[in-house]
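# Coordinate analysis (summary)
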Amino acid sequence: MRNSSLSRYVALIPSSVMIGVFFAIPFALILMVSVSSPADDADFRLGFDLQHFQRFATWFYIERALFSAGLCALIAAISMAIAFPFTYFLTTFKRRAQDLWLIYILAQLSLSEVLIAFSWQILLSRTSGVGNILEMLGIVERSFSMAPSAGAVIAALVYLTVPFSVLLLFPALSRMDRSLLEAARTLGASPVRTFFTVVIPVTRPAIISGAVTVFVLTLGAIIVPQVLGRPQHWTLSVLITDQAIFNFNMPFASALAVVLLALSASVIALVSWLGRRAEA
Amino acid sequence: MITALRRIYMALFALYLIGPIIVITAVSFNAQKFLAFPPRGFSLRWYAAIFVEADWFAALMNSLTIALASALLSTAIAVPVAYAAWRYGLRYARALFALGIAPFILPPVIMALAFLLFFSSVGVNGLMANVIIAHAIFLLALPLVTISLGLESIDKALIEAAQTMGASGWTVFRTVIVPIAAPFALAGFAFCFVLSLNEYIIALMTVGFTVETLPVKIFNALRYGYTPVIASIAVLFLLVNITVFSLIARFSNLARILGAMD
């Protein structure tokens, strides 16, 4: 018996090594490098120095962090709001139709952010996009370019996250007890009223956790703000990439990554605390 | 009235989802070198270019190799962890499981930077193996979750019945557990494959300057102006994604994997 319980742990050695070496160590490195001090011979020397965080604590970077948080909150709200009715209707479809939609949603969800940004750039361009179609229909006199702009960033980011919102709402809406709806209808509630007084309250935990996930997901977007926005639309993720790849400033990139990590973690913590308080 | 509103809403939503894809597809069949919508002329040359032009083809092969290898590695890491957590309820396995989920939840740029720091401090730079390992760890959550969903769908009474009739541990594993859980493991593998194929920032930061994957090459190409090849790759990728997820739906239970009840 001792032998077999030991072998259970032995079987986990390769996976433990992979996760430990390639997740735990790299992750710890970010934390260490973010507080390293500059050195002459190399880029940085391990130690404890908060100068990179002091550099963050200037209005330029704080404003970027606030902008990132605001943009992500807006995207999460729009994305969940338009995905909710769709997912609700989707769960009433026959299994086969549901499967077809889910396949398409998954395929779009997996599409590289690079390709999504490219598609929207074409769609919003002057010569081969919506502007062109509007010109042909005679709605506008001359076609015009709609990117880069804040609207382009928002439209493409919502597009990027909407498949996730659908999949995050799908389990709750698909498992929802349909007899509740029938009860509400029998008691004389209109479909719209049933939707707002039964469907939404019943699925509130999924809505909240879904919105948080979309928020964190949008924080990770890198290409869309760069390609479809102006520098004033750049988020923390864009700045991290910029520092790491084009300025070779690993310590500052790491410090920004720690800020991004803290931002994601605090939003997740805040919302789960609110959720628990609402339940109690 | 409600039904009409509902139809309009569904149509608008579908248009939003599919509209950009329609434009990209139309652009990819354009006969000329510049992008135009509505397209002028019809040509398959931008699809041929992916396979004929050496640098696009090299990027395609890099992407496919990395996606296949990292999906295999990721599934291989996930199987023992998910199994030990389910079968023996080991606390250690559950902790590993949680640790394995974490990289996927964080904004990807954080893991990309972590891998960049790690490989450059170890002194192993620019190898394809780096991005294979990085993707396997980043996407580990997918096989972990699908495999444990598969294992949880096994009725424990079935295992007890097999044991009562004298089946050894190995026989139970081979004849009861594997047949039920295998489609879910395969689904995890397929999810990993597709997401690795489409991943950009980790590939860029780990090996972007030596091993160009398709997303990295596309982003580099975007900076030097557009080529309709990018549109044809977008369509090709979407078709690959649709094929893989259709296969999952065909051989496994897609709605269940995504959280519906049976």
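Residues numbered from 1 in each chain as written. Chains lettered and ligands numbered in written order. Predicted model: local features only at pLDDT ≥ 70, side-chain atom pairs only at ≥ 80, totals over all residues. Heavy atoms only, no water.

### A closer look at the nonpolar core
Of all hydrophobic cores here, the largest spans 193 residues; its most connected members are Leu113, Leu151, Ile201 and Ile248 of chain B. With sequence-adjacent residues up to four places away left out, isoleucine 201 of chain B is seen in contact with Ile222 and Thr241 of chain A together with Pro108, Val109 and Ala112 of chain B. (Core = buried A, V, L, I, M, F, W, Y, C linked by side-chain atoms within 4.5 Å. Buried < 20%, exposed > 50% of the residue type's maximum accessible area, 1.4 Å probe, protein only. Contact = heavy atoms within 4.5 Å.)

### Remarks on the packing of aromatic side chains
For any two aromatic rings, the description comes down to two numbers: the centre-to-centre distance and the angle of the planes. Going through the model one piece at a time under the given rule, you end up with 29 aromatic pairs over all chains. Ring geometry for tyrosine 9 of chain A against tyrosine 92 of chain B: centres 6.2 Å apart, planes inclined by 45 degrees, an arrangement best described as tilted. Of the two residues, tyrosine 9 of chain A sits in helix H1 (residues 2-10) while tyrosine 92 of chain B sits in helix H4 (residues 91-105), which places them in two different chains. Judged by relative accessible area, tyrosine 9 of chain A falls into the partly exposed class, the value being 39%. Judged by relative accessible area, tyrosine 92 of chain B falls into the partly exposed class, the value being 37%. Judged by centre distance (6.5 Å) and plane angle (55 degrees), the ring pair of phenylalanine 51 of chain B and phenylalanine 57 of chain B falls under tilted. Judged by its relative accessible area of 33%, phenylalanine 57 of chain B falls in the partly exposed class. An aromatic cluster is present here, built from Phe84, Phe86, Tyr88, Phe89, Trp101, Phe195 and Phe196 of chain A together with Tyr9 and Phe13 of chain B joined pairwise through their rings. The ring centre of tryptophan 56 of chain B lies 4.6 Å from the NZ or CZ of lysine 217 of chain B, which sits over that ring. (Phe/Tyr/Trp six-rings, centres within 6.5 Å; stacked < 30°, edge-to-face > 60°. Helix = DSSP H or I, 4+ residues; strand = E, 2+ residues; numbered from the N terminus. Lys NZ or Arg CZ within 6 Å of the ring centre and 35° of its normal.)

### Some details on the layout of surface pockets
The volume enclosed by the largest pocket comes to roughly 1,500 Å³. What lines the largest pocket is a set of 43 residues, and nearest its centre among them are Leu109, Phe164 and Leu217 of chain A together with Phe104 and Leu142 of chain B. Those elements that place two or more of their residues in the lining of the largest pocket are helix H5 (95-110), helix H8 (150-175) and helix H11 (204-219) of chain A together with H4, helix H7 (141-152) and helix H9 (169-198) of chain B. When the residues that make up the lining of the largest pocket are grouped by side-chain class, the tally is 34 nonpolar, seven polar and two charged. Taken as a whole, the second largest pocket holds about 530 Å³ of empty space. Along the walls of the second largest pocket sit 16 residues, with Tyr88, Phe89, Pro191 and Phe195 of chain A together with Ile2 of chain B positioned nearest its centre. For the lining of the second largest pocket, the secondary structure elements donating two or more residues are helix H4 (59-90), helix H9 (178-186) and helix H10 (191-202) of chain A together with helix H1 (2-28) of chain B. Residue contributions to the lining of the second largest pocket peak at five residues, all from H10 of chain A. By residue class, the composition of the lining of the second largest pocket is eleven nonpolar, two polar and three charged. (1 Å grid on protein atoms, 1.4 Å probe; cavity = no way out; pocket = protein on both sides within 12 Å on 5 of 7 lines; lining within 4 Å. Points joined across faces, edges and corners; volume = space filled by probe spheres on them. Nonpolar A, V, L, I, M, F, W, Y, C, P; charged D, E, K, R; others polar.)

### Observations regarding the side chain of threonine 235 of chain A
Take threonine 235 of chain A: it is sitting in the loop between helix H12 (223-228) and helix H13 (236-246). Ignoring sequence-local partners within four residues, the contact set of threonine 235 of chain A consists of Phe67, Ser68, Leu71, Ala221 and Pro225 of chain A.

Purely geometric stuff here, so don't read any function into it on its own.
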